[in-house]
Amino acid sequence: MADPCLSPDAPSAIAPRRVLHWFRRDLRLADNPALEAIGQRGDSLLAVYIHAPEEEAPWQPGAASRWWLHHSLAALRDRLARQGICLLFFHGETGPILSRLCAQLGIDTLSWNRRYEPRLWQRDQLLAEALSAQGLALEAWDDGVLCPPGQLLNQQGRPYRVYGPFMRRLRLLTDSAPLPLGPPLPPRLRPLPLDQALAPGCSLEQLGLLDAQPWHEKLHDHWQPGEGAAWARLEGFLQAPIDHYAEDRDRPDRAGTSRLSPHLHFGEISPQRVLGNVQPLLAGEGGGRPGQSAERLYNQLGWREFARHLLWHFPDSDLQSLDGRFDALWQEDAEWLRRWQDGRTGIALVDAGMAELWQSGWMHNRVRMVAGSLLTKNLGIPWQAGARWFWDTLVDADLANNSLGWQWIAGCGADAAPYFRVFNPQLQAKKFDPQGRYQARWLGSDPLPEPIIDLASSRTQALARYQGMRQSNPA
Ligand SMILES: Cc1cc2nc3c(=O)[nH]c(=O)nc-3n(C[C@H](O)[C@H](O)[C@H](O)COP(=O)(O)OP(=O)(O)OC[C@H]3O[C@@H](n4cnc5c(N)ncnc54)[C@H](O)[C@@H]3O)c2cc1C
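Quantities reported herein were computed from a predicted structural model and do not represent experimental measurements.

Conventions used here
Residues numbered from 1 in each chain as written. Predicted model: local features only at pLDDT ≥ 70, side-chain atom pairs only at ≥ 80, totals over all residues. Heavy atoms only, no water. Helix = DSSP H or I, 4+ residues; strand = E, 2+ residues; numbered from the N terminus. Rg over C-alpha atoms; globule rule 2.2 N^0.38 Å. Buried < 20%, exposed > 50% of the residue type's maximum accessible area, 1.4 Å probe, protein only. Contact = heavy atoms within 4.5 Å. Areas by Shrake-Rupley, 256 points an atom, 1.4 Å probe, with all protein chains shown as cover. Lys, Arg positive; Asp, Glu negative; His and termini not counted. Charge placed at Lys NZ, Arg CZ, Asp CG, Glu CD. Pairing = 2+ DSSP bridges. Domains from an automatic or database assignment. Buried area = accessible area lost by both parts, 1.4 Å probe. Salt bridge = Lys/Arg side-chain N within 4 Å of Asp/Glu carboxyl O. Polar contact = N/O pair within 3.5 Å; in protein donor to acceptor, adjacent residues only side chain to side chain. Near = heavy atom within 4 Å. Nonpolar A, V, L, I, M, F, W, Y, C, P; charged D, E, K, R; others polar.

**Some details on the overall build of the protein chain**
Argument step 1. Per the secondary structure count, the protein chain includes 18 helices and 6 strands.
Argument step 2. For the protein chain, whose C-alpha radius of gyration is 23 Å, the value lies close to the compact-globule estimate of 23 Å for 475 residues.
Argument step 3. Projected onto the principal axes, the alpha-carbon positions of the protein chain cover approximately 70 × 50 × 50 Å.
Argument step 4. Every one of the 475 residues in the protein chain was classed for burial, and the buried ones make up 56%.
Argument step 5. For the protein chain, the proportion of contacts with a sequence separation of at least 24, taken over those separated by at least 6, is 84%.
Argument step 6. As presented, the protein chain carries roughly 20000 Å² of accessible surface, and 51% of it is formed by carbon and sulfur atoms.
Argument step 7. In the protein chain, which carries 49 positive and 53 negative side-chain charges, the distance between the mean positions of the two groups comes to 4 Å.

**Here's the deal with the pairing of strand 4 (residues 109–113)**
Argument step 1. Most of strand 4 is tucked away: 5 of the 5 residues are buried.
Argument step 2. Burial along strand 4 is two-sided: T109, S111 and N113 and L110 and W112, pointing in opposite directions, are all buried.
Argument step 3. Bridge count for strand 1 (residues 18–23) against strand 4 is 3 bridges, and the pairing is parallel. Of the residues in strand 4, the one forming a bridge with H21 is S111.

**As for the domain arrangement of the protein chain**
Argument step 1. With domains assigned, the protein chain is organised as domain 1 (1–143), domain 2 (144–184 + 226–313) and domain 3 (324–472).
Argument step 2. Domain 1 puts 11 residues into the contact, and the matching count from domain 3 is 8 residues.
Argument step 3. It is W59, A64 and S65 that lose the most area in domain 1 upon contact with domain 3, and together they represent 58% of the buried surface on that side.
Argument step 4. Seen at the junction of domain 1 and domain 3, the total is 0 salt bridges.
Argument step 5. Inspection of the region where domain 1 meets domain 3 yields 3 residue pairs in polar contact (both at pLDDT 80 or more).

**A short note on the site of the ligand**
Argument step 1. The local shell around the ligand holds 26 residues, among which Y245, T257, S258, R259 and N365 are the closest.
Argument step 2. The side chain of S258 places a nitrogen or oxygen atom 2.6 Å from an oxygen atom of the ligand.
Argument step 3. In the model, a nitrogen atom of the ligand is placed 3.0 Å from a nitrogen or oxygen of the Q300 side chain.
Argument step 4. Protein burial of the ligand: of its 830 Å² of free accessible surface, 95% is covered by the chains.
Argument step 5. Within the residue set of the shell around the ligand, elements represented by two or more residues are helix 8 (261–265), helix 10 (291–313), helix 13 (365–378) and helix 15 (399–410).
Argument step 6. Residue composition of the shell around the ligand, grouped by class: 13 nonpolar, 8 polar and 5 charged.

**So, the environment of G386**
Argument step 1. Tracing the sequence through the fold places G386 in helix 14 (residues 383–393).
Argument step 2. The class for G386 is buried, based on a relative accessible area of 0%.
Argument step 3. Residues G386 and Q341, spaced 45 residues apart in sequence, show a C-alpha to C-alpha distance of 8.5 Å.

**Examining the environment of L69**
Argument step 1. Of note, L69 is situated in helix 2 (residues 63–81).
Argument step 2. Sequence separation of L69 and L210 is 141 residues, and the distance between their C-alpha atoms is 9.1 Å.
Argument step 3. Leave out the neighbours within four places in its chain, and L69 touches R25, L27, Y49, L209 and F266.

**Quick look at the pattern of salt bridges**
Argument step 1. Inspection of the entire model under this criterion finds 27 salt bridges.
Argument step 2. For R41, the salt bridge identified is with D43, shortest N-O distance 2.7 Å. Residue R41 shares its accessibility class with D43, and that shared class is buried.
Argument step 3. Between D211 and R66 there is a salt bridge; the shortest N-O distance is 3.0 Å. With D211 in the loop between strand 6 (190–191) and helix 6 (227–239) and R66 in helix 2, this pair connects stretches of sequence that are 145 residues apart.
Argument step 4. Within the structure, one salt-bridge network assembled from shared partners comprises R17, R41, D43 and E139.

What follows is the structure, encoded as structure tokens:
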């Protein structure tokens, strides 16, 4: 895909400007490439956030994402205010809002960090054309990825479809790149002089991100959005849990993973900062701390990159199977889907996971796989229905990761779990929640309903269906 914007000029060579920075999924000050350049040049900064959910269709942010976004924007607003900068909020169509603001406030440069979801990339391309025709200088920066999607191709010049070789190439790049170490430090920024009383826009509350029904209050028990909290989360993880990550990451009964996913999704911390702080362990400079766990974490960051790479090269893979051979085996079933969503399948590990999702806006990766396998394989429901439910309920809902996760578990992705891998929730529970603590925590004392399906016979039937599809549609 073509780049919508001119490459940024070398910052030091340019005189100070009046810059509007359009915040999107880069809700932080430190390690923010656009803000670094603005700070270095001594530009005057106008900070803007626009809520335009219609432009994200069909993936308008779900309710849990909007809760996170509201609080992340509040944290960003407070951090900017400490530097005397007012974050302006708008609700409406992005192009006309930016165009009007730039004209009214004598802005000469519009800056943003890129988003790589294919439909948003197209939208940005059109925006860039219209705004540069208005005489604005445009600066777009790569952000939120270790390597911008589209840059890594295999020896035949084609996109990688398998994670292993992709990761080896990514590693060659990142191992030689200087990455930031230690806590992130925000750049010094200068506000664009603005009469606060006449400041355009609306309040954060008027964006209407929070549902009127206060169901989301419970999310505060589990999360604190914002840049400061993102670093605190990473710092806490680096202090000890990372040493046991290799063994604990598959254990939903332990707090063994970083829980950085929503912070990474909203750009409250950069993957460079995460990897930079893990690299000393990878290089054996951890004073005897195990490097193996750091390797595993690096691999997960690699999956995150691979997901962006796949969505970039296969822009319909958020809605369509990459391997369409199995499409005919899935069938809608509203009743079964509702029971799965409500955590009433009668299968303990799955119901515990759906309860964790409902109450905390997050689900452990192992349980995401088990719940996804039950839905798509035993129950035979289209993976897209599961992806949509996760989209609406996860605080870390992320188009690339969610699409990859669902296609992987359904066996129809680029580098998917083989179709014959049907997770057995009971065996998974024995192995990964041996004392049943995770299940007890989320299920409480209510008795389980009768199982929705017999696991053994539905597995046999699923395998027969997959096998039949493979034979009638050879690769
Ligand atoms: C069906 C399904 C749906 C998923 N949907 C999402 C989603 O919407 N958003 C999301 O961020 N992740 C998704 N994942 C991936 C994974 O479950 C989460 O990233 C992980 O559970 C987040 O927890 P953590 O931050 O503690 O991860 P850690 O284990 O600490 O990993 C560190 C980071 O690496 C990335 N990562 C880890 N595992 C994966 C993975 N399998 N694929 C891609 N990136 C990964 C995340 O950014 C994560 O924060 C999905 C997985 C499945 C199986």
